[in-house]
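Breakdown of the fold
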Amino acid sequence: MSDLEILPPADAILEQVAPALLQVLNREEILIGGGTALAARWRHRRSADIDLTVPAACLAGKQELMARLLTECSVMDVQFGPGRLAGDCESGDFCIMTTAPLLPSLPVPDGRENRFGLGLEATAEILARKLRHRIYSNGTFVSRDFYDICTAGEEDREALDLALSVMSDEERWEISREIAGMGAGAVRLGRPLTEVHRPSWLKDLGERTAELIAPSRPGT
């Protein structure tokens, strides 16, 4: 895969934080994940934050130095703790974490962004984390995750199926019923969806998402 463009406003966030991070970390240690990586591939919606991942050993003992360098780059409210560092930028927020991959056999990186040469996390891993960690384990439902899942069904069904494999059929059925039950309210969860490539999906976003997540037969 060729180098990809990080779209606004996430590109401005990366411009602000990457110089500080690259003073401490090697380029090969950092992966861009979340909706920012998916938007670089699909150009399907606006992403206003950046999620980065690094191996745990790379972040250990370096957070205080990184926090100071980020503050010098005008990043505000920089906070850190075990396996995590986050802050607020002029164009949005960023977070760098050491979350272990759910699909460790996937090759990484799956493409690179064209400004700093940072790798992009594999699509299947990004979707797996949304499904397993944010939606199922944390019970956090946001419309941008629903839209990403629907877009994956159109753009990369193989990656979506691989992501869904981290959950049992019972778990998939449980969250698909909950999402379907949200009705028209599913599109209003979390930050507003903007600059979407399929506006027609918004009126039944919850139902579309639920259909993609549900196993072939309920409860199997």
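Predicted, not measured: the structure shown is a model, and the values here were computed from it. (Residues numbered from 1 in each chain as written. Predicted model: local features only at pLDDT ≥ 70, side-chain atom pairs only at ≥ 80, totals over all residues. Heavy atoms only, no water.)

Right, let's get into the pattern of salt bridges. One pass over the full model with this rule turns up 16 salt bridges. Across the pair E72 and R68 runs a salt bridge, and its minimum N-O distance is 3.1 Å. Pair noted here: E72 and R68 are both in helix α4 (residues 63–72), with a separation of four residues, about one helical turn. R134 is the partner of D145 in a salt bridge, and the nearest nitrogen-oxygen pair spans 2.7 Å. Here D145, found in helix α6 (residues 143–155), pairs with R134, found in helix α5 (residues 123–137); they are eleven residues apart in sequence, far enough to count as distant. Take D145: its relative accessible area is 0%, and that puts it in the buried class. For R134, a relative accessible area of 24% gives the class partly exposed. Here the salt bridges share partners, and the residues they tie into one network are R45, K130, R134, D145 and D148. (Salt bridge = Lys/Arg side-chain N within 4 Å of Asp/Glu carboxyl O. Helix = DSSP H or I, 4+ residues; strand = E, 2+ residues; numbered from the N terminus. Buried < 20%, exposed > 50% of the residue type's maximum accessible area, 1.4 Å probe, protein only.)

With that settled, consider the pairing of strand β5 (residues 92–97). Every regular strand shows the same layout, with side chains that alternate between the two sheet faces. Of the strand pairs in this sheet, strand β2 (residues 49–53) and β5 are connected by five bridges, and their pairing is parallel. Considered in β5, the bridge of L52 is made with I96. Of the pairings in the sheet, the one linking strand β4 (residues 84–89) to β5 comprises six bridges and is antiparallel in character. Note on β5: the bridge partner recorded for A86 is C95. Where β4 folds back onto β5 in an antiparallel hairpin, the turn is made up of two residues. (Pairing = 2+ DSSP bridges.)

A separate point is the packing of aromatic side chains. Using the criterion set out here, one finds two aromatic pairs in the structure. Taking the centre distance of 6.3 Å and the plane angle of 55° together, the rings of F141 and F146 count as tilted. What makes F141 buried here is its relative accessible area of 13%. A relative accessible area of 0% places F146 in the buried class. Seen from their ring centres, Y147 and W201 are 5.4 Å apart, and the 50° between their planes marks the pair as tilted. Residue Y147 is located in helix α6, and its partner W201 is located in the loop between α8 (169–180) and α9 (205–213); the two are separated by 54 residues in the primary sequence. By relative accessible area, Y147 is classed as buried at 0%. The side chain of R115 reaches across the aromatic face of F116, ending 4.3 Å from its centre. (Phe/Tyr/Trp six-rings, centres within 6.5 Å; stacked < 30°, edge-to-face > 60°. Lys NZ or Arg CZ within 6 Å of the ring centre and 35° of its normal.)

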